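Commentary on secondary and tertiary structure
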Amino acid sequence: MLAGSNNQEIPRGRHIKALDIGTGASLVYPLTGQSEYGWHFTGVDIDAGAIKSARQICELNKLEITLRRQSKAVNIFRGVIQPNDAFHVTMCNPPFHGSIEKAKKGTQRKWANLGKGRSTKLNFGGQNAELWCPGGEIKFLARMVEQSMEFADQCLWFTSLVSKKDNLQPLSRILGKARIADCKVVEMAQGQKTSRFIAWTYMKKNERSSFAKKART
Ligand SMILES: C[S@@+](CC[C@H](N)C(=O)[O-])C[C@H]1O[C@@H](n2cnc3c(N)ncnc32)[C@H](O)[C@@H]1O
């Protein structure tokens, strides 16, 4: 069921359960995934303001998206995946900078490239935790891999955007130490921008369809 990896059709419908880690104030992935594919989403964020805004969007638009607040910055799946949960896919657009200074510099570079001069704000309306975390993207992803092992039989595919290509190599080393059954890197191109997501699973091929069916209920 991995989108875009081998031209398989993407399954549709509310029975497909997706978990969005770091869903943000505007619920980009849940809104897209729900309207394009009809999936049911659980959105998680550490930021109370983001969850509040996400809740308002759901109420105003009568959307059935489950929202959960992560209370510990070091946790990704811990504390939010409940014992009875089963997800077909988890996804994430991780905070990518290692410090607020780097986040600000990144913003200034983007503004300069757009010919807008200097800006003191973070880009795309992003605030503190949205764009940075200690150790940056690789540390966040390393924690995600480590914690994914604990939920290996509750989630079929774990996925995340990897904004820095250089992070792929250390990430595959980290995944190599986890006992995963499969891993894929899917390249994406939008205009001049290329990006990628990584996906891994602990389930063997012959276990996947029965899990996917069971997770629907
Ligand atoms: C780069 S933003 C992505 C926002 C949105 N998903 C998007 O694609 O526009 C990263 C998000 O991760 C959240 N975040 C940071 N650490 C987190 C954690 N440990 N658990 C859950 N969310 C976290 C931030 O608050 C922020 O909303």
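Just above, that's the structure.
Residues numbered from 1 in each chain as written. Predicted model: local features only at pLDDT ≥ 70, side-chain atom pairs only at ≥ 80, totals over all residues.

Section: helix α5 (residues 136-148)
The periodicity of an α-helix, 3.6 residues per turn, causes residues three or four positions apart to be oriented the same way. Taking 1.5 Å per residue as the helical rise, α5 with its 13 residues ought to reach 18 Å, and the 18 Å between its terminal C-alpha atoms agrees with that figure. Every buried residue of α5 is listed here: Gly 136, Glu 137, Phe 140, Leu 141, Arg 143, Met 144 and Ser 148. Axial view of α5: buried residues confined to an arc of 160°, hence all on one face. Of the surrounding secondary structure, the elements contacted by the buried residues of α5 are β4 (87-92), β5 (155-161) and α6 (168-177). (Helix = DSSP H or I, 4+ residues; strand = E, 2+ residues; numbered from the N terminus. Expected span 1.5 Å × (residues − 1). Buried ≥ 20, exposed ≤ 12 C-beta atoms within 10 Å, placed from the backbone. Arc of directions from axis to C-beta. Contact = placed C-beta atoms within 7 Å.)

A few points about the site of the ligand
In the region of the ligand, 21 residues are neighbours, and Gly 22, Gly 24, Asp 47, Gln 70 and Asn 93 sit closest. If you list the elements that add at least two residues to the shell around the ligand, you get α1 (28-37), β2 (40-45) and α4 (128-131). For the shell around the ligand, the element with the highest residue contribution is α4, accounting for 3 residues. A domain split of the shell around the ligand shows at least three residues from each of domain 1 (17-98 + 133-215) and domain 2 (99-131). (Near = placed C-beta within 6 Å. Domains from an automatic or database assignment.)

Description of the pairing of β5
With 6 of 7 residues buried, β5 lies mostly within the body of the structure. Here 3 bridges tie β4 to β5, and the two strands are oriented parallel to one another. Paired with Thr 90 across the two strands is Phe 158, which belongs to β5. (Pairing = 2+ DSSP bridges.)

Brief notes about the sheet that holds β4
Pairing is mixed across the open sheet formed by 7 strands, whose spatial order is β3-β2-β1-β4-β5-β7-β6. Only two strands of the sheet have a single partner each, and these edge strands are β3 (66-69) and β6 (182-190). Recorded for the sheet is a direction-independent mean angle of 20° between the axes of neighbouring strands. Two elements, strand β1 (residues 17-21) and β4, share 4 bridges in a ladder whose sense is parallel. The residue of β4 that forms the bridge with Ile 21 is Cys 92. Those strands touched by helix α2 (residues 48-60) are β2 and β3, and its axis lies near 165° from that of β3. (Axes fitted to C-alpha atoms, helices over the stretch in contact; angles between N-to-C directions.)

Re the packing of α5 against α6
Running from N to C, α5 and α6 point in directions that differ by 20°, and their axes come no closer than 10 Å. Considered as vectors, α5 and α6 are oriented roughly parallel to each other. By crossing handedness, the relation of α5 to α6 is classed as right-handed. Facing Ile 138, Leu 141, Ala 142 and Val 145 of α5, the residues of α6 in contact are Pro 170, Leu 171, Ile 174 and Leu 175. (Parallel < 35°, antiparallel > 145°, perpendicular 65-115°, else oblique. Left-handed = near helix turned anticlockwise from the far one by under 90°.)

Focus: the nonpolar core
Residues Ala 18, Val 89, Ile 198 and Ala 199 are the most contacted members of the largest nonpolar core, which totals 41 residues. Elements supplying a minimum of two residues to this core: β1, β2, α2, β4, α5, β5 and β7 (193-201). Setting aside its immediate chain neighbours within four residues, Ile 198 contacts Thr 159, Ser 160, Val 162, Leu 171 and Val 185. (Core = buried A, V, L, I, M, F, W, Y, C linked by C-beta atoms within 7 Å.)

Observations concerning the environment of Glu 187
Mapped onto the elements of the fold, Glu 187 is located in strand β6. With 10 C-beta atoms counted inside 10 Å, the residue Glu 187 sits in the exposed group. Taking the C-alpha atoms as reference points, Glu 187 and Val 162, 25 residues apart in sequence, are found 10.0 Å from one another. In this structure Glu 187 touches Thr 194 and Arg 196, once residues within four positions along its chain are discounted.

Some remarks on α1
Within α1, the full set of buried residues consists of Tyr 29, Pro 30 and Gly 33. Along the long axis of α1, the arc covered by the buried residues comes to 95°, so they all point the same way. Seen from the open side of α1, the exposed residues pointing more than 90 degrees away from its buried face are Thr 32, Ser 35 and Glu 36. Next to the buried residues of α1 lie β1, β2 and β4. Positioned one or two residues after α1, Gly 38 has a phi angle of 75°, which is positive.

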